[in-house]
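# Observations on the model geometry
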Amino acid sequence: MALRNLIKKKVRAPNKSILISAVTIVVLFVIIFSATLGIMAKNKVFDNIDKFGGTGIILVDRMIETVGDFYASLKSKGLVNAVRDISSGREILWRQAYYMFKDHPVSGVGQAAYFIELSDYHRRYHRGFHLLDFVGNYYLQILSELGLAGIILILFIFFLIIKKPVMYFLNKNEKGKLGREDWLLAGLLISFLSMTVAYLFGPHTNFIEVQFLFWLVIGLIFAYININSENIDVNSESGTPEENDRAESGRNRYFNPGNFKQIRFDLVSKIALTFIVLIFSITLLISSVTDLSINTKQVLYKWENYYGFYDEEFIDGRIIRWTSIDAIQVLEKNGNRLIVPLRDGDPAGHLLPLFIRFYVNNKPVKIVKITDKDWHNIEIDLSDYTHGRFVFTMACSRSWVPKERGLTNDSREIGVMTGEFVFLE
């Protein structure tokens, strides 16, 4: 109702007829197009479309091929499956974006992380589907990567971009000053709106050329308005002082490029903004050390991630493994206590002791200080971990390289010497 009253108040009579004519033409086109497709389907024109030899124009041939595939699936499988068959997996990619948003509604999975997380979500929800691609929908990609905060911000920015030229047209129309030169702005606005619709079928701003064109159009819209609004005589002497004041107010409201510089935040707004940023940051931080953590994913998805542990060797009558400064391994839990034999194998003396931090599923569980060259059996309590597998990580405070010490040609970075791990109940 409010929108209708605004249009009645702002749009002058000559432009109403143009608007009605444009709407009528669009409606007639849709009706004629739909009727034509219906007649062709009834007469089984699409039944022999697979025998079509092609036109030599790639875009036309692909469109005809897609129509034929859609029609064949529509007859045999129904509308829903027909859409899935011609989507080239896009429907599943859209669904995965929804699942990511469902798991992380506030922060999403992180900027540009959809592509990284996709293979894990295929394992969880669509095993056997191996297509790794962008979402195929700009808005779903923003929703999955930046959550509610991101999609609300993007839609609000688009709203402001659309609002400015609309207000420009309404104000000039009210003063009877719309001219042919304003068709340029209309064309830019239509280009922007067309792009926002095209984003339903792909995150095209992932490509630098499209992103440059998109923001160039937006820049031209704002530049055109700011330049041409200066030529509007809002202080015409033909009106009453009250009308002139309203016109001046309208010009300042719609056209003044300095409006953005005049934005002021009160205390409540500053607190609200700070609160939103904190919620977003904390949520993403928590996710990054839980189900978005690589270490945790090794347990969830049964990866065999293994690094930092070198091959077994036989030294001083026992089998040992050297580690790098950091080492990680996924282990099967065969008891509630894990015994880790280790020794500082660096032959040089150090003023500073060797500190070793132990993590289970990315959670710190123990810090050990070693000041000698003896073996130490470090006990790790696993009673609080109920999963059958866990990620075990060791991080040393320093490392050494045998080749740099002139001992051997071994160029490995070495942290600590470990023995055979033992589980106890």
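Residues numbered from 1 in each chain as written. Predicted model: local features only at pLDDT ≥ 70, side-chain atom pairs only at ≥ 80, totals over all residues. Heavy atoms only, no water.

In this section: helix H5 (residues 90-103). Here H5 spans 20 Å end to end across 14 residues, near enough to the 20 Å set by a 1.5 Å rise per residue. Residues Ile92, Leu93, Gln96, Ala97, Tyr99, Met100 and Phe101 constitute the buried set of H5. (Helix = DSSP H or I, 4+ residues; strand = E, 2+ residues; numbered from the N terminus. Expected span 1.5 Å × (residues − 1). Buried < 20%, exposed > 50% of the residue type's maximum accessible area, 1.4 Å probe, protein only.)

Another point: the nonpolar core. By size, the foremost hydrophobic cluster in this structure holds 25 residues, and its most contacted members are Tyr138, Phe158, Leu185, Phe192, Phe214 and Ile221. Among the secondary structure elements, those contributing two or more residues to this core are helix H7 (138-174), helix H8 (182-198) and helix H9 (208-228). Broken down by element, this core gets its largest block of residues, ten residues, from H7. Aside from chain neighbours lying at most four places away, what touches Ile221 is Pro165, Leu185, Leu188, Leu189 and Phe192. (Core = buried A, V, L, I, M, F, W, Y, C linked by side-chain atoms within 4.5 Å. Contact = heavy atoms within 4.5 Å.)

As a further point, take the side chain of Thr323. Note that Thr323 resides in strand S2 (residues 318-332). Every residue in contact with Thr323, bar those within four places of it in the chain, is listed here: Gly308, Phe309, Tyr310, Cys396, Glu413, Ile414, Gly415, Val416 and Thr418.

Time to look at the pairing of strand S4 (residues 354-360). Going residue by residue along S4, you find Leu354, Ile356, Phe358 and Val360 tucked away on one face and Phe355, Arg357 and Tyr359 left uncovered on the opposite face. Pairing of S4 with strand S5 (residues 363-370) involves seven bridges; the strand directions are antiparallel. Residue pairing in the sheet places Ile356 in a bridge with Val368 of S5. The turn joining S4 and S5, which pair antiparallel and follow one another in sequence, is formed by two residues; a positive phi near 55° is taken by Asn361. Looking at chain direction, S4 and strand S7 (residues 389-396) are connected through five bridges and run antiparallel. Note on S7: the bridge partner recorded for Arg357 is Ala395. (Pairing = 2+ DSSP bridges.)

Right, let's get into the pattern of salt bridges. Under the counting rule described, the total for this entry stands at twelve salt bridges. Note that Asp344 is salt-bridged to Arg398, the shortest N-O span being 3.2 Å. Taken together, the positions of Asp344 in the loop between strand S3 (337-343) and S4 and Arg398 in the loop between S7 and strand S8 (417-418) put the pair 54 residues apart, joining distant regions of the chain. You'll find Asp344 and Arg398 in the same group, each marked buried. A cluster of three or more residues bridged by salt bridges with shared partners is formed by Asp344, Asp346, Lys373, Arg398 and Arg405. (Salt bridge = Lys/Arg side-chain N within 4 Å of Asp/Glu carboxyl O.)

Right, let's talk about the environment of His130 for a bit. In this fold, His130 is placed in the loop between helix H6 (114-125) and H7. In this structure His130 comes out as exposed when scored by relative accessible area, which is 67%. For His130 and Ser119, which are eleven residues apart along the polypeptide, the C-alpha to C-alpha distance reads 7.3 Å.

In low-pLDDT segments, the atomic positions of the prediction should not be examined closely. Considering every residue of the protein, the mean pLDDT works out to 78; 71% of them sit at 70 or more. Below a pLDDT of 50 lies the segment residues 10-14, which in the model reaches ten contacts outside its immediate sequence neighbourhood of four places, other chains included. Across residues 233-238 the pLDDT falls below 50, and counting only partners more than four positions away or on other chains, this stretch makes nine contacts in the model. (pLDDT = per-residue confidence, 0-100.)

Here we take up the packing of aromatic side chains. For any two aromatic rings, the description comes down to two numbers: the centre-to-centre distance and the angle of the planes. Scanning the entire structure with this criterion turns up 20 aromatic pairs. Plain terms: the ring middles of Tyr138 and Tyr139 are 5.4 Å apart, the flat faces sit at 85° to each other, and that makes the pair edge-to-face. Overall, the relative accessible area of 16% leaves Tyr139 in the buried class. Here the aromatic rings of Trp322 and Trp400 are separated by 6.0 Å at their centres, their planes lie at 80°, and the arrangement is edge-to-face. Here Trp322, found in strand S2, pairs with Trp400, found in the loop between S7 and S8; they are 78 residues apart in sequence, far enough to count as distant. By relative accessible area, Trp322 is classed as buried at 8%. (Phe/Tyr/Trp six-rings, centres within 6.5 Å; stacked < 30°, edge-to-face > 60°.)

Attention now moves to H7. Counted at 1.5 Å a residue, the expected span for H7 with its 37 residues is 54 Å, but the 36 Å between its end C-alpha atoms falls short. At Leu146, H7 is deflected by roughly 135°, the largest bend along its length. The opening residue of H7, the one whose side-chain oxygen lies 2.9 Å from the backbone nitrogen of Tyr139, is Asn137. Trailing H7 by a residue or two, Gly176 shows a phi angle of about 70°, which is positive. (Bend = angle between axes of the 7 residues up to and from the residue. Polar contact = N/O pair within 3.5 Å; in protein donor to acceptor, adjacent residues only side chain to side chain.)

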